[in-house]
Amino acid sequence: DSGVTQTPKHLITATGQRVTLRCSPRSGDLSVYWYQQSLDQGLQFLIQYYNGEERAKGNILERFSAQQFPDLHSELNLSSLELGDSALYFCASSASWGGEQFFGPGTRLTVL
Amino acid sequence: SQQGEEDPQALSIQEGENATMNCSYKTSINNLQWYRQNSGRGLVHLILIRSNEREKHSGRLRVTLDTSKKSSSLLITASRAADTASYFCATDLPSGSARQLTFGSGTQLTVLP
């Protein structure tokens, strides 16, 4: 158990819908990262937050947004969902930049 | 394209044999990390090697880094069936640029009992 929790585990929804994925980092970790893993794109970095502030952006679509709250949990919002958004979404946390990241179990999103 | 590329894409060996996976990358790095992922599960950090280090050991794992060739290798000795998983290298870029890990496409290791 990495200490990073993600909810929900599975999410099935329809195209055009909006969903929110939630992540709680390990106790004490200030950095939260979001990744998308799909068969054709592999593991893609989406966005990083550090102590509530956005610090790095990767291949995140404009339809996606994220935030980190004062209690350090983070949410990833995906809107106007398309079939191609079906993937595993991972959250990770770390105590410092560039160090070891601890991954949550992931949320499997299926868009029908 | 990916910063890190693993080779081979898939590797199948017998229990007790050694497994070697390679990773090549394109730009200067702060450190390089190896992660393991069991099917459909979260990634687990295995080992981190800094750009000024050449070799690192952790249990049955040995990682080497050659910054002149921009490559790293992960050696798993005396493999076990439980080592069956996907292995990813991830590069951390130097300070001043976006500090993010860029993952390779992974090597799928199958250890046959």
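Scroll up a little and you will see the structure.
Worth saying up front: this structure is predicted, and the values here are computed from it rather than measured.

A. Up close: the nonpolar core. Counting residues in each nonpolar core, the largest one holds 21 residues, and the members touching the most others are A:Val19, A:Leu21, A:Trp34, A:Leu76, A:Leu78, A:Tyr89 and A:Leu109. Those elements that place two or more of their residues in this core are strand 3 (19–24), strand 4 (31–38), strand 5 (42–50), strand 7 (64–68), strand 8 (74–78), strand 9 (87–94) and strand 11 (107–111) of chain A. If we ignore the near neighbours within four places in the chain, the residues touching A:Leu78 are A:Gln17, A:Arg18, A:Val19, A:Leu21, A:Arg63, A:Phe64, A:Tyr89 and A:Leu109. Core analysis: the second largest hydrophobic core is formed by 20 residues, B:Ile47, B:Val63, B:Ile76 and B:Tyr87 among them.

B. Representation of the pattern of salt bridges. Counted by the stated rule, this structure contains 8 salt bridges over all chains. Here A:Arg63 makes a salt bridge to A:Glu82, at a shortest N to O gap of 3.7 Å. Of this pair, A:Arg63 sits in the loop between strand 6 (53–57) and strand 7 while A:Glu82 sits in the loop between strand 8 and strand 9; the two residues are 19 residues apart in sequence, bridging distant segments of the chain. The residue B:Glu53 makes a salt bridge to B:Lys56 at a minimum N-O spacing of 3.9 Å. A relative accessible area of 28% places B:Lys56 in the partly exposed class. One salt-bridge network, in which partners are shared between bridges, spans A:Arg63, A:Glu82 and A:Asp85.

C. Broad picture of the interface of chain B and chain A. Each partner contributes to the interface: chain B provides 18 residues, whereas chain A provides 20 residues. Put simply, chain B and chain A have 0 salt bridges between them. Broken down by secondary-structure element, the contributors of at least two residues to the side of chain B that touches chain A are strand 4 (31–37), strand 5 (43–50), strand 9 (85–92) and strand 10 (101–103) of chain B. The element that contributes the greatest number of residues to the side of chain B that touches chain A is strand 4 of chain B, accounting for 4 residues. Classifying every residue of the side of chain B that touches chain A by side-chain character gives 7 nonpolar, 8 polar and 3 charged.

D. Up close: unusual backbone geometry. With an omega of -10°, the peptide bond running from A:Thr7 to A:Pro8 counts as cis. Within the secondary structure layout, A:Pro8 lies in the loop between strand 1 (5–7) and strand 2 (10–13). The phi angle at A:Leu72 is positive, at roughly 80°, despite the residue not being glycine. With respect to the helices and strands, A:Leu72 occurs in the loop between strand 7 and strand 8. Its identity is not glycine, yet B:Ala78 carries a phi of approximately 45°, on the positive side. Structurally, B:Ala78 is set in the loop between strand 8 (71–76) and strand 9.

E. Structural context of the sheet that holds strand 8 of chain A. Residues and elements named next belong to chain A. Strand order in the open sheet made by the 4 strands is 1-3-8-7, with antiparallel pairing throughout. Each edge of the open sheet is held by one strand with a lone partner, namely strand 1 and strand 7. Across the sheet, the axes of successive neighbouring strands diverge by a mean angle of 15°, strand direction being ignored. By the bridge criterion, 5 bridges tie strand 3 to strand 8 in an arrangement that is antiparallel. Within strand 8, the position partnered with Arg22 by the bridge is Glu75.

F. Structural view of the packing of aromatic side chains. In total, this model carries 8 aromatic pairs over all chains according to the counting rule given. Ring plane angle 70° and centroid distance 6.5 Å describe the contact between A:Phe64 and A:Tyr89, whose orientation is recorded as edge-to-face. Of this pair, A:Phe64 sits in strand 7 while A:Tyr89 is found in strand 9, placing the two residues 25 residues apart along the sequence. Residue classification places A:Phe64 among the buried positions, given a relative accessible area of 6%. Judged by centre distance (5.7 Å) and plane angle (75°), the rings of A:Phe103 and B:Tyr35 are edge-to-face. Note that A:Phe103 is positioned in strand 10 (residues 102–103) and B:Tyr35 in strand 4, a pairing that runs across two chains. Residue classification places A:Phe103 among the buried positions, given a relative accessible area of 3%. Look at B:Tyr35 and you get buried, because its relative accessible area is 0%. Here the aromatic residues A:Tyr35, A:Phe45, A:Phe90, A:Phe103, B:Tyr35 and B:Phe103 are joined through ring pairs into a cluster of three or more.

Reading the values: the criteria
All chains use their own residue numbering, which begins from 1 and follows the written sequence. Both sets of labels track the order of writing: A upward for chains, 1 upward for ligands. The model is predicted, so local features are restricted to residues of pLDDT at least 70 and side-chain atom pairs to those at 80 or more, both for listing and for counting; the totals for chains, interfaces and linings are taken over all residues. As a rule here, side-chain values cover all heavy atoms of the structure and leave hydrogens and water aside. What is meant by a nonpolar core is a set of buried Ala, Val, Leu, Ile, Met, Phe, Trp, Tyr and Cys residues, joined one to another through side-chain atoms within 4.5 Å. Burial classification: accessible surface area is computed with a 1.4 Å probe over protein chains only, and a residue below 20% of its type maximum counts as buried, one above 50% as exposed, and the rest as partly exposed. Note on conventions: DSSP H or I runs of at least 4 residues are helices, E runs of at least 2 residues are strands, and numbering of each starts at the N terminus. The criterion used for residue contact is that any of the two residues' heavy atoms lie within 4.5 Å. Here, a salt bridge means any Lys or Arg side-chain nitrogen found within 4 Å of an Asp or Glu carboxyl oxygen. Side-chain classes are defined by residue name, with Ala, Val, Leu, Ile, Met, Phe, Trp, Tyr, Cys and Pro counting as nonpolar, Asp, Glu, Lys and Arg as charged, and the others, Gly among them, as polar. Strands pair, by our definition, only if DSSP identifies at least two bridges between them. Every axis in this analysis is a line fitted to C-alpha atoms, fitted for helices over the stretch in contact. Angles between the N-to-C directions lie between 0 and 180 degrees. Working definition: a ring pair exists when centres of Phe, Tyr or Trp rings (six-membered ring for Trp) sit within 6.5 Å. Plane angles under 30 degrees give stacked, over 60 give edge-to-face, the rest tilted.

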